[in-house]
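The residues making up each chain are set out below.
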Amino acid sequence: TLKEKMRSRFFSLLEIVILFVLPVILIHFGFIPFEQRGLVLYAVSALIDAKIFKENWTLKKLGIRIDNFKESVIPYVIFTIVASLGLWLLAKLLGRSPLKNPLQYTHFQYMFLIVSFLQELTFRGFLVPKLKAINKNLIFVIGINAVLFSVIHLLFPDPLVLLPLGLIGGIGFAGIYYFYPNLILISMSHAILNFVAVIFCFFSVNQSCV
């Protein structure tokens, strides 16, 4: 019935607010120490994993699939190249130089791979289907996904740069995933872009970057 659909949509929106907005608010305004943000985000990721398991999501629903791999590779390659060039140009405009010893940065040792996959599992594999269940409208799904992805960047250094960058990136990630839902390819793309972003210090205020 219409009433049941409205109730389902309400609880889905409430779930999204609790998982994607509330933790950021609590950390950003100091209710949770900023130093604990990593633990909080991993806890949210664990909750999402538990929901995926409890609701018996299929691998295809999560975007872990190979049936659309061939048709999706080229769009993802083009997207990754264009976005990488965009990051390089932005770094030039902001006067940022590449890290001199990038392998000493923990993000290069292991974090960017883990973070990239977890963010894509969370924001695209989980959130996109949830948003589609509320409203399949293209603008709604991509817009809300991009805004929530941008908001999470409040928890990184230099939010004045990362918030708009996260919004633009969120539109790109959500847009390509909407048409080519493949968690493997988008995680690889995200990892490459995170790699480029870390090289040009978008996640650091390290003085060696300027």
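Rules of the game
- Residues numbered from 1 in each chain as written.
- Predicted model: local features only at pLDDT ≥ 70, side-chain atom pairs only at ≥ 80, totals over all residues.
- Heavy atoms only, no water.
- Helix = DSSP H or I, 4+ residues; strand = E, 2+ residues; numbered from the N terminus.
- Rg over C-alpha atoms; globule rule 2.2 N^0.38 Å.
- Contact = heavy atoms within 4.5 Å.
- Lys, Arg positive; Asp, Glu negative; His and termini not counted.
- Charge placed at Lys NZ, Arg CZ, Asp CG, Glu CD.
- Buried < 20%, exposed > 50% of the residue type's maximum accessible area, 1.4 Å probe, protein only.
- Axes fitted to C-alpha atoms, helices over the stretch in contact; angles between N-to-C directions.
- Parallel < 35°, antiparallel > 145°, perpendicular 65-115°, else oblique.
- Left-handed = near helix turned anticlockwise from the far one by under 90°.
- Nonpolar A, V, L, I, M, F, W, Y, C, P; charged D, E, K, R; others polar.
- Phe/Tyr/Trp six-rings, centres within 6.5 Å; stacked < 30°, edge-to-face > 60°.
- Lys NZ or Arg CZ within 6 Å of the ring centre and 35° of its normal.
- Patch = residues over 30% accessible without salt bridge, like charges linked within 9 Å, V, L, I, M, F, W, Y side chains within 5 Å.
- Areas by Shrake-Rupley, 256 points an atom, 1.4 Å probe, with all protein chains shown as cover.
- Salt bridge = Lys/Arg side-chain N within 4 Å of Asp/Glu carboxyl O.
- Expected span 1.5 Å × (residues − 1).
- Polar contact = N/O pair within 3.5 Å; in protein donor to acceptor, adjacent residues only side chain to side chain.

1. As for the overall build of the protein
Secondary structure assignment for the protein yields eight helices and zero strands. The N-to-C order of helical and strand elements in the protein reads α-α-α-α-α-α-α-α. The C-alpha radius of gyration computed for the protein amounts to 17 Å, which stays within 12% of the reference 17 Å derived for 210 residues, consistent with globular compactness. Taking the principal axes of the C-alpha coordinates as reference, the protein spans close to 60 × 45 × 25 Å. Sequence separation of 24 or more characterises 79% of the internal contacts of the protein that already satisfy a separation of 6 or more. Where the 18 positive side-chain charges of the protein centre and where its 9 negative ones centre are 4 Å apart.

2. Quick notes on unusual backbone geometry
Of note in the backbone geometry, Asn56 takes a positive phi value of approximately 55 degrees without being a glycine. As for its placement among the helices and strands, Asn56 is situated in the loop between helix H2 (37–54) and helix H3 (59–62). Judged by relative accessible area, Asn56 falls into the exposed class, the value being 63%.

3. Remarks on the packing of helix H6 (residues 138–151) against helix H7 (residues 159–179)
Helices that pack against each other are described as a pair by the angle of their axes relative to one another and the distance between those axes. It is the contact of H6 with H7, at a shortest axis distance of 7 Å, that shows an interaxial angle of 140 degrees. In terms of orientation, H6 lies oblique with respect to H7. For the pair H6 and H7, the crossing hand works out as right-handed. Touching Leu138, Val141, Ile142, Asn145, Ala146, Val147, Phe149, Ser150 and Val151 of H6 are Leu163, Gly166, Leu167, Gly169, Gly170, Ile171, Phe173, Ala174, Gly175, Tyr178 and Phe179, all from H7. A class-by-class count of the residues in the contact of H6 with H7 yields 14 nonpolar, six polar and no charged.

4. Focus on the packing of aromatic side chains
Scanning the entire structure with this criterion turns up eight aromatic pairs. Cluster of aromatic residues (ring-pair linked, three or more members): Phe20, Trp57, Phe79, Phe123, Phe126, Phe149 and Phe173. Positioned above the aromatic ring of Trp57, the side-chain terminus of Lys61 is 4.2 Å from the ring centre. One residue, Arg124, lies across the ring of Phe149, its end atom 4.6 Å from the ring centre.

5. Thoughts on the side chain of Ser187
Along the chain, Ser187 turns up in helix H8 (residues 183–199). Not counting the four nearest positions on each side in its chain, Ser187 is found in contact with Ser116, Phe117 and Glu120.

6. Looking at a nonpolar patch on the surface
Residues Phe10, Phe11, Leu14, Ile18 and Leu22 make up a contiguous nonpolar surface patch of roughly 460 Å² in combined accessible area. Structurally, the position occupied by Leu22 is in helix H1 (residues 2–28).

7. Points about H8
With 17 residues, H8 extends 24 Å from end C-alpha to end C-alpha; this agrees with the ideal 24 Å at 1.5 Å per step. Of all 17 residues in H8, 12 are buried, a share of seventy percent or more. Those residues of H8 not exposed but buried are Leu183, Leu185, Ile186, Ser187, Ser189, His190, Ala191, Leu193, Asn194, Val196, Ala197 and Val198. Its side-chain oxygen at 3.1 Å from the backbone nitrogen of Ile184, Asn182 defines the N-terminal cap of H8. Phi turns positive one or two residues past the end of H8, at Cys201, with a value near 65 degrees.

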